[in-house]
Amino acid sequence: MTIPNEIVMLAGHPVRRMGFGAMQLPGPGVFGPSRDRDQSLAVLRRALEAGVTHIDTAQFYGPDVANELIHAALHPYPEGLVLVSKVGAARSDTGHWLAAQRPDELRAGVMANLSSLELDQLPVVNLRHHSETDVPYAEQLDVMEAMKAEGLIGAIGLSNVDPEHYRTATARTQVACVQNPYNLADRSGQAVFELCRADRVPYVPFFPLGSAFNPENPVLGSPAVKEVAGRMGATPAQVALAWLLHQAPNVLLIPGTSSLSHLEENLAATDVVLDQEALDALP
Ligand SMILES: NC(=O)c1ccc[n+]([C@@H]2O[C@H](COP(=O)([O-])OP(=O)(O)OC[C@H]3O[C@@H](n4cnc5c(N)ncnc54)[C@H](OP(=O)(O)O)[C@@H]3O)[C@@H](O)[C@H]2O)c1
């Protein structure tokens, strides 16, 4: 089976399956300024030059850092670039991740993204669920729908959702994509993954490489992943990304990196075709 970097429709926009996640561009812990601003700008420009058409971001990455870098590196945006953002979180002064699910907070999040990215409309905005909120999910969806009707957002995606959220959302609105954690070492999102596959809704796994938050990265550090990578002449990151692409045609990737060499490595994962021996050996 081949795994081409083919085009998939995302909210009516054609995007390549290999995209880019901007969360690693701010400072450590996704907090504060970039460690190397010039390199961050270069990573974004190189991603586009290499054919990336889908970038995932959020105003709360930094906060206010990732979007500023995207604007500085890429504005005016080339035709065909789809910037996907998300709302439903905020940061404390010390970098803690806070819920921001109230309708006024969701609206403020969209307005901040429009302003920092200098867009009239955000093509897709993911409603990021937070378990520590007392705002009913339906109420959150209502304000997303209202902002779509006003033309502020082109389409609504979901993030951090369970099957019940997914069914609630799809019954009320057209869901453009779902962004949940999913990788070789974390299948907690399997049920939602299956729903998306059946509905042909783009599924965008976050933490595709096992995340920067866990120093003992269970994906890149996995002996099985390393063994397969060594046998195939690939890197562990490429094996992890190729495995995700292999799972279903509706999978879109947004690996995050602040490094030019890692970016090149990740982009080349679309050329790695896992054989049956590799698939059997992986966890
Ligand atoms: N919806 C949500 O709630 C949510 C949550 C988390 C993330 N996201 C999105 O999903 C994207 C991906 O997730 P993520 O960035 O958190 O985690 P990830 O892609 O699983 O992993 C990023 C980590 O892997 C490292 N890395 C990247 N490429 C590598 C390579 N080729 N070899 C070795 N290490 C490599 C990065 O370090 P270097 O910078 O040194 O390369 C960073 O430490 C994010 O950028 C963000 O856009 C969304």
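K.L.:
So what exactly am I meant to see when it comes to the sheet that holds strand E3 (residues 20–21) here?
P.N.:
Through backbone hydrogen bonds, the strands of a sheet pair up, either in parallel or in antiparallel fashion. If you walk across this open sheet you meet the 6 strands as E3-E4-E5-E8-E9-E10, and the pairing is parallel. In the strand order of this sheet, the two ends are held by E3 and strand E10 (175–179), each with one partner. Relative to strand E4 (residues 54–56), E3 is paired through 2 bridges, and the arrangement is parallel. Paired with Phe-20 across the strands is Ile-55, a residue of E4.

K.L.:
Looking at this structure, I do not really get the pairing of E10. What am I missing?
P.N.:
Along a regular strand, successive side chains alternate from one face of the sheet to the other. The buried fraction of E10 amounts to 5 of the 5 residues, a majority that puts the element mostly inside the structure. As paired strands, strand E9 (residues 156–159) and E10 are joined by 3 bridges and run parallel to one another. Bridge pairing links Leu-158 to Val-178 in E10. Of the crossover connections in this fold, the one passing from E9 over helix H5 (residues 163–172) to the parallel E10 is right-handed.

K.L.:
When you look at the site of the ligand in this model, what are you seeing that I'm missing?
P.N.:
Around the ligand there are 29 residues in total, and Gly-21, Met-23, Ala-212, Ala-237 and Gly-256 lie nearest to it. At the level of secondary structure, the elements contributing two or more residues to the shell around the ligand comprise strand E8 (124–128) and helix H9 (260–267). The element contributing the most residues to the shell around the ligand is H9, with 3 residues. Of the residues in the shell around the ligand, the class split is 11 nonpolar, 14 polar and 4 charged.

K.L.:
Mind showing me how you'd approach helix H2 (residues 66–74) here?
P.N.:
Helical geometry note: an α-helix holds 3.6 residues per turn, so side chains three or four residues apart project in the same direction. Among the residues of H2, those classed as buried are Ala-66, Asn-67, Glu-68, Leu-69 and Ile-70. Residues of H2 that are buried sit in contact with helix H1 (37–49), E4, strand E5 (82–87) and helix H3 (103–117).

K.L.:
Hey, could you run me through helix H4 (residues 137–149) in this one?
P.N.:
Its 13 residues give H4 an end-to-end C-alpha distance of 18 Å, which sits within 8% of 18 Å, the value for a rise of 1.5 Å per residue. Residues of H4 that are buried: Gln-140, Leu-141, Val-143, Met-144, Met-147 and Lys-148. Along H4, the residues classed as buried sweep out an arc of 160° about the axis, all on the same side. Across H4 from its buried face, at more than 90 degrees, point the exposed residues Ala-138, Glu-139 and Ala-149. Against H3, E8, E9 and H5 lie the buried residues of H4. Backbone geometry just after H4 places Gly-151 at a positive phi near 85°.

K.L.:
How do you make sense of unusual backbone geometry when you look at a structure like this?
P.N.:
The peptide bond linking Gly-62 to Pro-63 adopts the cis configuration, its omega dihedral lying at -10°. Positionally, Pro-63 belongs in the loop between E4 and H2. In this structure, Pro-76 follows His-75 across a cis peptide bond, with omega equal to 0°. At Ala-11, a position not held by glycine, the phi torsion is positive, near 50°. Residue position: Ala-11 is located in the loop between strand E1 (7–10) and strand E2 (13–16). Within the chain, Ser-211 stands out as a residue other than glycine whose phi angle is a positive 80°. Residue placement: Ser-211 occurs in the loop between helix H6 (190–199) and helix H7 (223–232). The partly exposed category is assigned to Ser-211, around which 18 C-beta atoms lie within 10 Å.

K.L.:
Got a minute to help me understand the packing of H4 against H5 in this structure?
P.N.:
A pair of packed helices is characterised by two quantities: the angle between their axes and the separation of those axes. For the pair H4 and H5, interaxial distance at closest approach is 11 Å and the crossing angle is 40°. In terms of their interaxial angle, H4 and H5 are classed as oblique. For the crossing formed where H4 meets H5, the hand is right-handed. Side by side, H4 and H5 meet where Tyr-137, Ala-138 and Leu-141 of the first sit next to His-165, Thr-168, Ala-169 and Arg-172 of the second. Classifying every residue of the contact of H4 with H5 gives 4 nonpolar, 2 polar and 1 charged.

K.L.:
Sorry, what's going on with the nonpolar core here?
P.N.:
As a rule of thumb, soluble globular proteins bury nonpolar side chains together. Counting residues in hydrophobic clusters, the biggest one holds 82 residues, and the most contacted among them are Ala-66, Val-124, Val-178, Val-239 and Ala-240. With 8 residues, the top contributor of residues to this core is helix H8 (residues 236–247). Every residue in contact with Ala-240, bar those within four places of it in the chain, is listed here: Asn-183, Leu-184, Pro-208, Leu-209, Val-219, Leu-220 and Val-225.

Reading guide: rules and limits
Residues numbered from 1 in each chain as written. Predicted model: local features only at pLDDT ≥ 70, side-chain atom pairs only at ≥ 80, totals over all residues. Pairing = 2+ DSSP bridges. Helix = DSSP H or I, 4+ residues; strand = E, 2+ residues; numbered from the N terminus. Buried ≥ 20, exposed ≤ 12 C-beta atoms within 10 Å, placed from the backbone. Right-handed = clockwise from strand over helix to strand, strands pointing away. Near = placed C-beta within 6 Å. Nonpolar A, V, L, I, M, F, W, Y, C, P; charged D, E, K, R; others polar. Contact = placed C-beta atoms within 7 Å. Expected span 1.5 Å × (residues − 1). Arc of directions from axis to C-beta. Axes fitted to C-alpha atoms, helices over the stretch in contact; angles between N-to-C directions. Parallel < 35°, antiparallel > 145°, perpendicular 65-115°, else oblique. Left-handed = near helix turned anticlockwise from the far one by under 90°. Core = buried A, V, L, I, M, F, W, Y, C linked by C-beta atoms within 7 Å.

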